[in-house]
Amino acid sequence: MAAPLVRPAKTPPPRAASPSDGPAGSDRRGGPGARRGQRRAVTLFMAPFFALFTAVTVLPMFYAAWMSLFREESSGLGFGGTERVFAGFGNFTEALGNEAFLRSFGNIAFYCVLYIPAMVGGALVLALLVDSAMARARRFFQIAYFLPHAVPGLIASLIWLYLYTPGLSPITEVLDTLGANWNFFGQDEAIYSVVNISAWQWTGYNMIIFYAGLQAVPREVLEAATVDGAGALRTALQVKVPMIRPTVVLTLLFTCVGAIQLFDAPKLVQLRANTMGEDWSPTMFIYTAAFKGHDYGLAAASSLLLALVAGLLSFVVTKLGNRWKAS
């Protein structure tokens, strides 16, 4: 008896690709709808930052630009009150022609010459020491070096102001015992007192940044340097430091921008060091012009000029840092 014929199963015709299916091999979840959802999520998370940035940075800059165009003038020999008049760029020319304002930038330049090598160099040396193979208790030293930065700048300045004061400070007593005559508030010594306060506060912070960069250096590179006969010092200077150049450049950029905005340390040291003056730094000049001289137009114009100098300084440091990284 012949076997019954079995008909082959019909293969359904291929379905035409729908526009919503997306390209071949792609997941439907990665379609335009998902991308729109991702963009909405990113916008939602970034909105608070941009709102805060606009409120505390962009709008105050526009308000300062508006204030810089006006000047308060009094009439009637000072007895007729004051009125706001349009000054154009008069406040800017007055700031640029003000000897105290220009001298404040010179003071900050000298401060940077002393402060930046001491702070950045010290932070880099400490990071290399903590990262060395012979280092022990690394967690302890990281926390110990970082603790000064945890103290607010104003409190740190007050602490050092006490340590600088003769008759109260144990430091001055030790110096007197050793026969060293050092006046922390002297005309030539006051700037070193300011540099010491800033370096004490920021060295540990930047040491943590450098140490994090050193941890990213491949261990194979360090092992290869050791096999080639490089000692600890040569490995640190010729292998580790060149490989964290981007971190060093970023630290220099932040340090320069922060140095030009220096205020709290010299402001408190100036209370005892009268030779520094109330306009020793650009920010102190702006503070004095606004809240003591009540010349808000001059203060606003000086603030915008300071922001311009900070932007140019950031550009120069970035360009020089990029050349150093490429060399």
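Provided above is the structure to which this section pertains.
This is a predicted model, so every value here is computed, not measured.

**Student:** So what's going on with the overall build of the protein? Which residues, and what values?
**Tutor:** A count of helical and extended segments in the protein gives 13 helices and two strands. Out of the 327 residues in the protein, the part that is buried amounts to 35%. Residue pairs at least 24 apart in sequence account for 64% of intrachain contacts in the protein once pairs closer than 6 positions are excluded. Here the protein displays about 20,800 Å² of accessible surface, and carbon together with sulfur accounts for 67% of that area.

**Student:** If you had to explain helix α7 (residues 190-215) to someone new, which residues and values would you point to?
**Tutor:** In an α-helix, one turn spans 3.6 residues; hence positions three or four apart end up facing the same way. With 26 residues, α7 should reach 38 Å at 1.5 Å per residue; the first-to-last C-alpha distance of 38 Å fits that figure. The largest bend in α7 amounts to roughly 35° and is located at W202.

**Student:** A description of helix α10 (residues 245-260) should follow, citing residues and the corresponding values.
**Tutor:** Along its 16 residues, α10 runs 23 Å from first to last C-alpha, staying within 8% of the 22 Å computed at 1.5 Å per residue. Residues of α10 that are buried: R245, V248, V249, T251, L253, T255, C256, A259 and I260. Buried-residue contacts for α10 involve α3 (99-131), α7, α9 (232-243), α12 (282-291) and α13 (296-326).

**Student:** Tell me about unusual backbone geometry, and name the residues and values.
**Tutor:** Phi is positive for H294, close to 55°, though the residue is something other than glycine. Note that H294 resides in the loop between α12 and α13. Residue classification places H294 among the partly exposed residues on the basis of a relative accessible area of 49%.

Rules behind the numbers
- Residues numbered from 1 in each chain as written.
- Predicted model: local features only at pLDDT ≥ 70, side-chain atom pairs only at ≥ 80, totals over all residues.
- Heavy atoms only, no water.
- Helix = DSSP H or I, 4+ residues; strand = E, 2+ residues; numbered from the N terminus.
- Buried < 20%, exposed > 50% of the residue type's maximum accessible area, 1.4 Å probe, protein only.
- Contact = heavy atoms within 4.5 Å.
- Areas by Shrake-Rupley, 256 points an atom, 1.4 Å probe, with all protein chains shown as cover.
- Expected span 1.5 Å × (residues − 1).
- Bend = angle between axes of the 7 residues up to and from the residue.

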